[in-house]
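# Structure assessment
These are the residues of each chain, in order.
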Amino acid sequence: MHVCKKVAPEDHSVLAHQLLLKCVIAMVTEEIPGLFRAYLLNGEGEGTALSWEQVNEWTPQAGLLWVHLDVESSEVRDWLRERSGLTRAACSGLLAGETRPLSRPMNDGLLVILRGINHNPGADPEDMVSLRLWVDTTRVLSLSRRRVMAVSDLADEIEEGVGPLSSPEILTTLTGHLLDRLTPTLDELGDAVDLQEEKAFTEAPSELQGDLAELRRQVIALRRHLAPQREVMVQLVQCTHTRFDDKHSAVVQLLADELSRHVEDLDELRERSAVTHDLIAGRQSDLMNRQMLMLSLVTAIFLPLGLITGLLGINVKGVPGAENEWGFFWVCAILALLAGLLLAFMRKKKWF
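Residues numbered from 1 in each chain as written. Predicted model: local features only at pLDDT ≥ 70, side-chain atom pairs only at ≥ 80, totals over all residues. Heavy atoms only, no water.

This next bit is on the overall build of the chain. Secondary structure assignment for the chain yields nine helices and seven strands. For the chain, buried positions account for 41% of its 352 residues. When contacts within the chain are restricted to residue pairs at least 6 apart in sequence, those whose partners lie at least 24 apart make up 66%. As displayed, the chain offers around 20,500 Å² of accessible surface, 57% of which is attributable to carbon and sulfur atoms. (Helix = DSSP H or I, 4+ residues; strand = E, 2+ residues; numbered from the N terminus. Buried < 20%, exposed > 50% of the residue type's maximum accessible area, 1.4 Å probe, protein only. Contact = heavy atoms within 4.5 Å. Areas by Shrake-Rupley, 256 points an atom, 1.4 Å probe, with all protein chains shown as cover.)

On to the nonpolar core. Grouped together as the largest cluster of nonpolar side chains are 44 residues, with contacts concentrated most on Trp 66, Leu 133, Ile 170 and Met 233. Of all the elements in the fold, those that place two or more residues in this core are β1 (35-41), β3 (64-70), β5 (109-116), β6 (129-135), α5 (149-159), α6 (167-199), α7 (205-243) and α8 (246-312). Broken down by element, this core gets its largest block of residues, nine residues, from α6. Leu 50, Val 55, Leu 80 and Ala 90 belong to the second largest nonpolar core, which has 25 residues in total. (Core = buried A, V, L, I, M, F, W, Y, C linked by side-chain atoms within 4.5 Å.)

Burial analysis of α5 places nine of its eleven residues in the buried class, the great majority of the element. Looking at α5, one finds that the buried residues are Met 149, Ala 150, Val 151, Ser 152, Asp 153, Leu 154, Ala 155, Glu 157 and Ile 158. Buried-residue contacts for α5 involve β1, β2 (47-49), β3, β6 and α6. After α5 finishes, the residue Gly 161 shows a positive phi value of roughly 85 degrees.

Looking now at the packing of aromatic side chains. By the definition in use, this model includes two aromatic pairs. Here the aromatic rings of Tyr 39 and Trp 66 are separated by 6.0 Å at their centres, their planes lie at 10 degrees, and the arrangement is stacked. One end of the pair, Tyr 39, is in strand β1; the other, Trp 66, is in strand β3, and 27 residues separate them in sequence. Summarising the burial analysis for this pair, Tyr 39 and Trp 66 share the class buried. (Phe/Tyr/Trp six-rings, centres within 6.5 Å; stacked < 30°, edge-to-face > 60°.)

It is worth spelling out the sheet that holds β6 at this point. Strand order in the open sheet made by the seven strands is β2-β1-β3-β7-β6-β5-β4, with mixed pairing throughout. Single-partner strands in this sheet number two, and they are β2 and β4 (102-106). Mean inter-strand twist for the sheet, computed between neighbouring axes without regard to direction, equals 15 degrees. Across the face of the sheet, helix α3 (residues 74-82) comes into contact with β3 and β7 (139-144) while running at roughly 145 degrees to β7. (Pairing = 2+ DSSP bridges. Axes fitted to C-alpha atoms, helices over the stretch in contact; angles between N-to-C directions.)

Turning to the packing of α5 against α6, a few remarks are in order. At a minimum axis separation of 8 Å, α5 and α6 run at an interaxial angle of 125 degrees. It follows from the interaxial angle that α5 and α6 lie oblique. Where α5 crosses over α6, the handedness of that crossing is right-handed. Between α5, through Met 149, Ala 150, Val 151, Asp 153, Leu 154 and Glu 157, and α6, the contact on the second element is made entirely by Ile 170, Thr 173, Leu 174, His 177, Leu 178 and Arg 181. (Parallel < 35°, antiparallel > 145°, perpendicular 65-115°, else oblique. Left-handed = near helix turned anticlockwise from the far one by under 90°.)

Secondary-structure assignment places Ser 84 in the loop between α3 and α4 (88-95). Look at Ser 84 and you get buried, because its relative accessible area is 4%. A polar contact of 2.4 Å, which involves the side chain of Ser 84, links it to the backbone oxygen of Leu 80. When near neighbours in sequence (up to four residues on either side) are disregarded, Ser 84 contacts Trp 79, Cys 91 and Arg 139. (Polar contact = N/O pair within 3.5 Å; in protein donor to acceptor, adjacent residues only side chain to side chain.)

In the predicted model, the chain carries a mean pLDDT of 78, and 86% of its residues have values of at least 70. Within the chain, helix α1 (residues 9-31) has the poorest average pLDDT of any element, 40, and β3 the best, 90. Across residues 1-31 the pLDDT falls below 50, and counting only partners more than four positions away or on other chains, this stretch makes eleven contacts in the model. (pLDDT = per-residue confidence, 0-100.)

Time to look at a negative patch on the surface. A surface patch of negative charge is lined by Asp 187, Glu 188, Asp 191, Glu 264, Asp 265 and Glu 268. Among the secondary structure elements, those contributing two or more residues to the negative patch are α6 and α8. We classify Asp 187 as partly exposed; its relative accessible area is 44%. (Patch = residues over 30% accessible without salt bridge, like charges linked within 9 Å, V, L, I, M, F, W, Y side chains within 5 Å. Salt bridge = Lys/Arg side-chain N within 4 Å of Asp/Glu carboxyl O. Lys, Arg positive; Asp, Glu negative; His and termini not counted. Charge placed at Lys NZ, Arg CZ, Asp CG, Glu CD.)

Within β3, seven of the seven residues are buried, leaving the element largely enclosed by the surrounding structure. Of the two faces of β3, the one lined by Leu 64, Trp 66, His 68 and Asp 70 and the one lined by Leu 65, Val 67 and Leu 69 are each fully buried. The pairing of β3 with β7 spans six bridges and is parallel. Across the sheet, Asp 70 pairs through a bridge with Ser 144, a residue of β7.

Structure representation (structure tokens):
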């Protein structure tokens, strides 16, 4: 029980306001533990927000229910197992610690697990969020560990009176918002790959490798999560075709096609980034070969010169020109002439 202490407004107005705010937050937390969103839909696009107590009192006769819950909440886990009316298999699928994209019909409902881009502050987009869904004719239960922007988009539509009209439409709307949130991220990755392709011809390879490696990592991670989801969407088309009407099945088919295009775009980005990596590696290899060639040429020129100067530098009698006062200058002239001849020979052979 949280007790709110009265504070005189004329003495401590700011403190009183802060204390009141804390009390309200505490009471809300106690009333709806683990409940993110809950709406009773009227079938005309509008909905009424529900409390945790009202969710517990809901019956199918009251109307279409959509509840979004915190999968980490112990209250939510207990409610799903004891009061939701779901089978043990459905609860296990919704509460699993590690999830993969999934579409599985169960009794009178459908268990769906999807993934979307993580748009939470400080998170990497490829660190995708999981959205677990139970869909039947009278209600939709969704669960997540972290904030899912697609859920916020759906709640905004309900508040504006343009929300879904049925449980299959809730499923297709959430799926559509997940894909809509994916499009800007793929566009940004595509622009980044375009920029790397342009820089690959002009900038130093050593300055590009780090950025390109990060891009390739993001593309690979996104594809690893989305490729299985494409197969799930194909299965979902079949499930909705047998359980829902043709209109919703056609919408799911369009969403599946859109996801397939996204996966194909990721495949293209992966191949393009691989080609760019090969180009950068080739330029770096050419640069290294040029440097090694110059070093070899310098070595080839100075090797005979070093041999001659080594012979002339031995401390024995009989060295030519040792007694001649112009001997040093003659030796330098001969060495310069020899170096010039070597350079001319290499030039003629097109070694540089």
